[in-house]
Amino acid sequence: MTTSAAASPANRASKYLQFIQTYGMLLILLLVVAIFSLLSSNFLTTGNLINILRQVSIVGIIAVGQTLVILTAGIDLSVGSIVGLSGAVSASVTLGTGNPLIGIAAGLLTGAVIGLFNGVMVSYFKLTPFIVTLATMTAVSGITLVYTNGNPIIVSDPVYKFIGQGYIGPIPFPVVLLVVVYVLFFFILRKTVHGHYIYSIGGNEKASVLAGIPVKKHKMIVYTVSGLLAGLAAVILSARLSAATPVAGTGYELDAIAAVILGGTSLFGGKGGVGGTLIGVLLLGVLTTGMNLINVSPFYQDVVKGAIVLVAVLLDRFINADTQ
């Protein structure tokens, strides 16, 4: 009886902690939605909600790749610059060949190749992910400026523009792609061997090596996929704007990392998933749109979003203190 009574508070505390880890950010998202609904009558409308989904689709797709990387205890700072170069390559190949499918494939391949380079450097040369992807970010940004000569590349092909401006019924096509990407990688992380290996590598890389998991191969795949998804986001962005600009992806790497952290994926690897990342992406989108509707200065918007990310990192450190 005494043992049961003593164990009960500990069990309750454990359940509360687990509840916060699982649903805390979702509750915050719902709270923020409720607040903006009270502050602006235009917030909770179908048109505005679809607009939020369309706005977050690009960062949302990038954030899926970033989630995979962070789950392995890595980070990818190059995705923003990959968006710039992949968009430029995709648009220029579309113009040069007159075939949008070849242009789209070129943009995706560009992203995948850069991601593969990052993966090889991190996995086989054992370089720090932060340093490798920081160097790649800088180099790719420069290559993009050289490739475009600093000028935007205009795209007018209707098939290409459909990727960013088209609709499937009432739903914007970028939102459809966003949903497909999240469903696909939710399945991969939960139901495939590769997904299980990603969690294992992030949880304890040395133990994974001893268990016979091909760690280098799977880390290389993760960075390649991150680059590929950044390439997909680049195609959507250039199609939406009808132009590829050299600085199009500037800052997207930080937005994607912020969304992943807000979604509960641990910076130390091994914990989290794309479901939480989607909530983080939506929270950032709701904050941006909501503050625009109530006329908050963009300068203060960055302050608010930065403060929220900082709080999320502190919560992550507190919640996972036992594993650090």
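Model, not experiment: these values are computed from the prediction.

## Overview of a nonpolar patch on the surface
So, point 1. On the surface, a cluster of nonpolar side chains totalling about 470 Å² of accessible area is made up of Phe 19, Tyr 23, Leu 26, Leu 27 and Leu 30.
So, point 2. Residue placement: Leu 26 occurs in helix H1 (residues 2-39).

## Structural notes on the nonpolar core
So, point 1. Membership of the largest hydrophobic core comes to 79 residues, with the highest contact counts inside it found for Ile 61, Ile 62, Ile 163, Phe 185 and Leu 229.
So, point 2. Contact partners of Phe 185, with chain neighbours within four places excluded, come to Val 64, Leu 68, Val 225, Leu 229 and Val 274.

## A closer look at unusual backbone geometry
So, point 1. Positive phi, close to 60°, is recorded for Asn 149, a residue that is not glycine.
So, point 2. By secondary structure assignment, the location of Asn 149 is in the loop between helix H5 (129-148) and strand S1 (153-154).
So, point 3. Overall, the relative accessible area of 63% leaves Asn 149 in the exposed class.
So, point 4. Phi is positive for Ser 242, which is not a glycine, with a value near 60°.

## What to know about the pattern of salt bridges
So, point 1. In total, this model carries one salt bridge according to the counting rule given.
So, point 2. Across the salt bridge formed by Glu 205 and Lys 219, the nearest N and O atoms sit 3.3 Å from each other. Here Lys 219 lies in helix H10 (residues 215-241) and Glu 205 lies in helix H9 (residues 205-210), a separation of 14 residues in the sequence.
So, point 3. You can call Lys 219 buried: its relative accessible area is 9%.

## Observations regarding the UniProt feature "transmembrane region" (unreviewed entry) in the protein chain
So, point 1. The UniProt record marks residues 20-44, 56-89, 101-120, 127-147, 167-189, 220-239 and 277-297 with the feature "transmembrane region" (unreviewed entry), using the residue numbering of this structure.
So, point 2. Along residues 220-239, the helical share is 100% and the strand share 0%, with 29 Å between the first and last C-alpha atoms.
So, point 3. The span residues 277-297 carries 81% helix and 0% strand; its end-to-end C-alpha distance comes to 26 Å.

## Notes on the side chain of Ser 40
So, point 1. Looking at the secondary structure, you find Ser 40 in the loop between H1 and helix H2 (46-71).
So, point 2. With residues near it in sequence (within four places) discarded, Ser 40 still touches Leu 293 and Ile 294.

## Considering the packing of aromatic side chains
So, point 1. Scanning the entire structure with this criterion turns up two aromatic pairs.
So, point 2. Taking 5.1 Å as the distance between ring centres and 40° as the angle between the ring planes, the aromatic pair formed by Phe 162 and Phe 173 counts as tilted. Taken together, the positions of Phe 162 in helix H6 (residues 158-165) and Phe 173 in helix H7 (residues 173-191) put the pair eleven residues apart, joining distant regions of the chain.
So, point 3. With a relative accessible area of 32%, Phe 162 lands in the partly exposed category.
So, point 4. You can call Phe 173 buried: its relative accessible area is 16%.

Thresholds applied
Residues numbered from 1 in each chain as written. Predicted model: local features only at pLDDT ≥ 70, side-chain atom pairs only at ≥ 80, totals over all residues. Heavy atoms only, no water. Patch = residues over 30% accessible without salt bridge, like charges linked within 9 Å, V, L, I, M, F, W, Y side chains within 5 Å. Areas by Shrake-Rupley, 256 points an atom, 1.4 Å probe, with all protein chains shown as cover. Salt bridge = Lys/Arg side-chain N within 4 Å of Asp/Glu carboxyl O. Helix = DSSP H or I, 4+ residues; strand = E, 2+ residues; numbered from the N terminus. Core = buried A, V, L, I, M, F, W, Y, C linked by side-chain atoms within 4.5 Å. Buried < 20%, exposed > 50% of the residue type's maximum accessible area, 1.4 Å probe, protein only. Contact = heavy atoms within 4.5 Å. UniProt positions renumbered as here; feature names shortened; annotations may be inferred. Phe/Tyr/Trp six-rings, centres within 6.5 Å; stacked < 30°, edge-to-face > 60°.

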